[in-house]
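# Working through the structure, step by step
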Amino acid sequence: AEAFQEIERTEQRRLQSLMLQNSNQVTADCPFSISAGKGKGTKNRYNNIWPYDHTRVKINDCKEGDCDYVNASFVQAEGCDKRYIATQGPLPATYEDFWKIVWEQNSQVIVMLTKEEEAGRIQCHRYWSQCKINSAKFGPIELKFISETSHCSVENNNNTIVTRKFKLTNLNHPEIPAREITQLHFLGWPDFGIPDSPIHILNLIEVANLTQLQAAQSSQHAIGPMIVHCSAGCGRTGAFCTIDSCLTILNNIREQGHDVSQDLVQKVVLKFREQRLSLVQTLRQYVFCYEAVLWKLVGAA
Ligand code: PTR
Ligand code: PTR
């Protein structure tokens, strides 16, 4: 709890200086700015979550001055070769922006950590097309539905992963071959909560990494970062990226024969909080990160 409080206090201090900041100037006290995202109400799902300017993902294919904005951030832990795009659940006003980012960043795996609706509230709008005959167009990006399959254990459907596959083309660039995109939709993670068991999330991480590896192997070029989103792109997204990054770092350290003496989870979350607000949002989610990492380590021993 103390480690998490320190993380929260650091972010509160940063936010206070940000709110005091009248100009968009970045100063030594406050090296971060959220100027690009503020006031873009229709493009933001929540009125208190914006990406920091220094890590925000920009849309290249835009004509007007301001429209490179999307509520998405690059996040990467120190000493970890994995980089993710953490983003909010797309809104109807941002479907096109979202698919442009998927295309431009050459991302081929999307991890969705929220149900579409929870307690009567929309958590994430259906930004994909399930139409099996027609394709959907989002600006220049064309999305064709390929397949949908669902995996869960017999006794428990709180660990369901729905796997959807799509074909993505850019109508402005017919010379570039279509790409296959896989969306892994995990249904067992309630907002502000945690999954029933770390096993479910460890399983999802394994499936996501395998899908990313297979996509990389079948592509002639390096592929882009995994896109991870929930509703705000903070709590659940942060926990997913923290667990995966800690396990990756621990694996590298073990291979090199080093010891880990520092609090790795805290170190990773502190770094992530410099890259996007509220990544790992609640104390329970923070504790869950330790539980999942330990589960994996003990299980592997
Ligand atoms: N998108 C929601 C809406 O339009 O009602 C909520 C929202 C409102 C999101 C305001 C962000 C807002 O703040 P800002 O204007 O700073 O983007
Ligand atoms: N206004 C909301 C809040 O601060 O509680 C924004 C928010 C919503 C933040 C959901 C995080 C949320 O969870 P997640 O990032 O897991 O979707």
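The sections below set out a description of the structure shown in this document.

Rules used in this analysis
Residues numbered from 1 in each chain as written. Chains lettered and ligands numbered in written order. Predicted model: local features only at pLDDT ≥ 70, side-chain atom pairs only at ≥ 80, totals over all residues. Heavy atoms only, no water. Helix = DSSP H or I, 4+ residues; strand = E, 2+ residues; numbered from the N terminus. Contact = heavy atoms within 4.5 Å. Core = buried A, V, L, I, M, F, W, Y, C linked by side-chain atoms within 4.5 Å. Buried < 20%, exposed > 50% of the residue type's maximum accessible area, 1.4 Å probe, protein only. Near = heavy atom within 4 Å. Polar contact = N/O pair within 3.5 Å; in protein donor to acceptor, adjacent residues only side chain to side chain. Areas by Shrake-Rupley, 256 points an atom, 1.4 Å probe, with all protein chains shown as cover. Nonpolar A, V, L, I, M, F, W, Y, C, P; charged D, E, K, R; others polar.

## Structural notes on the environment of Glu 180
- With respect to the helices and strands, Glu 180 occurs in strand E9 (residues 179-186).
- Distance in space between the C-alpha atoms of Glu 180 and Ser 219 is 9.9 Å, their sequence separation being 39 residues.
- Not counting residues up to four positions away in its chain, the partners in contact with Glu 180 are Gln 108, Ile 146, Lys 165 and Phe 166.

## So, the nonpolar core
- Val 111, Leu 113, Ile 201, Leu 204, Phe 240, Ile 243 and Tyr 286 are the most contacted members of the largest nonpolar core, which has 44 residues in total.
- Examining the composition of this core, we find that nine residues originate from one element, helix H4 (residues 235-255), more than from any other.
- What Phe 240 contacts, discounting residues up to four positions off in sequence, is Val 111, Leu 113, Trp 189, Leu 204, Ile 205, Ala 208, Met 226 and Val 228.

## Details of helix H2 (residues 95-104)
- Most of H2 sits out of view: eight of its ten residues are buried.
- Turning to H2, its buried residues number three or more, namely Tyr 95, Asp 97, Phe 98, Trp 99, Lys 100, Ile 101, Val 102 and Trp 103.

## Brief notes about the site of ligand 2
- Inspection of the region around ligand 2 gives Tyr 46, Asn 48, Asp 191, Phe 192, Cys 230, Ser 231, Ala 232, Gly 233, Cys 234, Gly 235, Arg 236 and Gln 281 as its neighbouring residues.
- Take Asn 48: an N or O atom from its side chain is 2.8 Å from an oxygen atom of ligand 2.
- Ser 231 has a polar backbone atom sitting 3.0 Å from an oxygen atom of ligand 2.
- In isolation ligand 2 has 420 Å² of accessible area, and contact with the protein removes 84% of it.
- Residue composition of the shell around ligand 2, by class: five nonpolar, five polar and two charged.

## With respect to helix H5 (residues 264-273)
- The element H5 is extensively covered by neighbouring structure, given that seven of its ten residues are classed as buried.
- Within the span of H5, buried status applies to Leu 264, Val 265, Gln 266, Val 268, Val 269, Phe 272 and Arg 273.
- Of the residues flanking the start of H5, the one acting as N-cap is Asp 263, its side-chain oxygen 3.4 Å from the backbone nitrogen of Val 265.

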